[in-house]
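What the coordinates show
The primary structure of each chain is shown beneath.
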Amino acid sequence: MKQPVRVAVTGAAGQIGYALLFRIASGAMLGDDQPVILQLLDITPALDALQGVKMELDDCAFPLLADVICSDDPNVAFKDADYALLVGARPRGPGMERKDLLEANAAIFSVQGKAIDQNASKNIKVLVVGNPANTNALITQRNAPSISPRNFTAMTRLDHNRAMTQIAQKTGKTVNDVTNMTIWGNHSATQYPDLFNAKVSGEAASDLVDQDWLENEFIPVVQQRGAAIIKARGASSAASAANAAIDHMRSWALGTDGDNWVSMGVYSDGSYDIPEGLIYSFPCRCKDGEWEIVQGVSVSDFSRGKMDATAAELSEERDGVKHLLP
Ligand code: NAX
């Protein structure tokens, strides 16, 4: 049996946490031969609820679950962590402006970035789920200067999975037939789900649908899916978000298949003329625990406009918290 790895999860007492922890502990994220130690962080008022989650984890008797540590101290939760899933974030409260939301989260993620810098493994792989995920990932990364910026990522895999299902259903196929989907940019309503490079059973997805559906159905449905779930369920996506977090980490740790790729919010190196240093969602392939941005993906004028618009939003978000960045 391999040595256990340490997986920190923040916001662990929340609804995504409840859908996520049991799957990590069962081996769905890192493989069924990889034991894990869960290091769970939440705020002090949520510690009783977190203890209840730990009791349920204990009661599952997962063979791969070596230990569960619960804390309200980021220095404890990130101690020697090999992986971190940053799920906990400040939701938008009544009367809160977008700027206030960015600032409240900047405070949380700068504390967590510093705690990761001081306590975690230097090879830690960090996924930020809590919104605004890309900018929270940027803040975390900037507060952890001793760790490579490549180790901080943001989640757009839920958008990616949503887009795969939309095109599969439209073309009467299954998600197994859909490859090379890309979400470009921010995990927000400006994200650009790209059908021009996606394939369905090897054929260009954009050839199988008309431009009207692509522009006026597919893109807005994917962009607005989170709001549609809230309207239908009375609560935001939780199981599908947890599933996407598992998919993201699994792809990163264990690799992607062949020529296929996945969407990950990663540190921009200037590829596709996206400003360097933004955490922007690109098509990525993963191997041996490393991601790379897929190069040479075709970009039409239509795509370019949408990729630039979502980059502009990310630059604005970054400028909004500039005074808080080290
Ligand atoms: P919940 O409100 O159910 O849970 C959040 C948990 O985080 C709570 O237990 C809270 O006490 C905790 N928390 C708050 N501040 C904390 C801090 N400083 N340190 C540690 N824990 C803290 O929200 P949930 O539905 O689980 O969603 C969590 C986050 O995921 C939200 O920001 C949400 O917007 C975001 N999402 C991101 C998605 C993505 O695709 N990137 C999709 C789903 C989801 O909307």
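You'll find the chain entered in an unreviewed UniProt entry as Malate dehydrogenase, with Spongiibacter pelagi given as the organism. The heading Function (unreviewed entry) in the UniProt record of the chain holds the text "Catalyzes the reversible oxidation of malate to oxaloacetate." In its Sequence similarities (unreviewed entry) section, the UniProt record describing the chain reads: "Belongs to the LDH/MDH superfamily. MDH type 2 family."

In the neighbourhood of the ligand, 22 residues make up the surrounding shell, with Gln 15, Ile 16, Asp 42, Val 129 and Asn 131 lying closest. Between the ligand and the protein, one listed contact pairs an oxygen atom with a backbone N or O atom of Gln 15 at 2.9 Å. Within the contact set of the ligand, an oxygen atom lies 3.2 Å away from a side-chain nitrogen or oxygen of His 187. If you list the elements that add at least two residues to the shell around the ligand, you get helix H1 (15-26) and helix H4 (98-119). Looking at the shell around the ligand residue by residue, the classes come out as 11 nonpolar, 10 polar and one charged.

One broad rule of soluble globular proteins: the nonpolar side chains tend to lie buried together. Within the largest apolar cluster, 74 residues are counted, with the highest numbers of intra-cluster contacts made by Val 7, Val 9, Leu 38, Leu 57, Leu 85 and Leu 195. Per element, the largest residue contribution to this core is eight residues, and it comes from helix H9 (residues 239-254). Core analysis: the second largest hydrophobic core is formed by 25 residues, Ala 115, Ile 116, Ala 120 and Ile 147 among them.

Within this numbering scheme, the UniProt entry marks His 187 as carrying the feature "active site" (unreviewed entry). As for its placement among the helices and strands, His 187 is situated in the loop between strand S8 (182-184) and strand S9 (192-194). Overall, His 187 belongs to the partly exposed group, its relative accessible area being 22%. When neighbours within four sequence positions are excluded, His 187 is seen to be in contact with Asn 131, Asn 134, Met 155, Thr 156 and Asp 159.

Here the focus is the sheet that holds strand S11 (residues 203-204). Taken in spatial order, the three strands line up as S7-S10-S11 in an open sheet, and their pairing is antiparallel. Both outer strands of the open sheet, strand S7 (178-179) and S11, are each paired with one neighbouring strand and no more. Where S7 lies against strand S10 (residues 199-200), two bridges are found, and the strand directions are antiparallel. Across the sheet, residue Thr 179 finds its bridge partner in S10, namely Lys 199.

With that settled, consider the packing of H1 against helix H2 (residues 47-60). Here H1 crosses H2 at 30°, and the two axes come no closer than 11 Å. If you check the angle between H1 and H2, you find them roughly parallel. As H1 packs across H2, the resulting crossing turns out to be right-handed. Judged by residue contacts, Tyr 18, Leu 21, Phe 22 and Ala 25 of H1 engage Val 53, Glu 56, Leu 57 and Cys 60 from H2. Class assignment for the residues of the contact of H1 with H2 results in seven nonpolar, no polar and one charged.

A few words on the UniProt feature "binding site: substrate" (unreviewed entry) in the chain. With numbering matched to this structure, UniProt assigns "binding site: substrate" (unreviewed entry) to Arg 92, Arg 98, Asn 131 and Arg 162. The largest pairwise C-alpha distance within this set of annotated residues, which runs over 71 residues, is 25.2 Å, so the set is dispersed in three dimensions. With respect to the secondary-structure elements, Arg 98 resides in helix H4. Residues in contact with Arg 98, not counting those within four places in the same chain, are Arg 92, Glu 313 and Glu 317. One can find Arg 162 in helix H6 (residues 157-170). Its relative accessible area of 12% is what places Arg 162 among the buried residues. Contacts of Arg 162, omitting those with residues within four sequence positions, involve Arg 225, Gly 226, Ile 229 and Ser 237.

What follows is about unusual backbone geometry. A cis geometry characterises the amide bond from Asn 131 onward to Pro 132, with omega recorded as -5°. For Pro 132, the location among the structural elements is in the loop between strand S5 (125-128) and helix H5 (133-142). The phi angle at Ala 61 is positive, at roughly 50°, despite the residue not being glycine. Within the secondary structure layout, Ala 61 lies in the loop between H2 and strand S3 (65-71). For Ala 61, a relative accessible area of 59% puts it in the exposed group. Positive phi outside glycine occurs at Asp 80, with the angle close to 60°. By secondary structure assignment, the location of Asp 80 is in the loop between helix H3 (74-77) and strand S4 (83-86). On the basis of relative accessibility, which here comes to 41%, the residue Asp 80 falls in the partly exposed class.

Here is what the cut-offs are and how they apply
Residues numbered from 1 in each chain as written. Predicted model: local features only at pLDDT ≥ 70, side-chain atom pairs only at ≥ 80, totals over all residues. Heavy atoms only, no water. UniProt positions renumbered as here; feature names shortened; annotations may be inferred. Near = heavy atom within 4 Å. Polar contact = N/O pair within 3.5 Å; in protein donor to acceptor, adjacent residues only side chain to side chain. Helix = DSSP H or I, 4+ residues; strand = E, 2+ residues; numbered from the N terminus. Nonpolar A, V, L, I, M, F, W, Y, C, P; charged D, E, K, R; others polar. Core = buried A, V, L, I, M, F, W, Y, C linked by side-chain atoms within 4.5 Å. Buried < 20%, exposed > 50% of the residue type's maximum accessible area, 1.4 Å probe, protein only. Contact = heavy atoms within 4.5 Å. Pairing = 2+ DSSP bridges. Axes fitted to C-alpha atoms, helices over the stretch in contact; angles between N-to-C directions. Parallel < 35°, antiparallel > 145°, perpendicular 65-115°, else oblique. Left-handed = near helix turned anticlockwise from the far one by under 90°.

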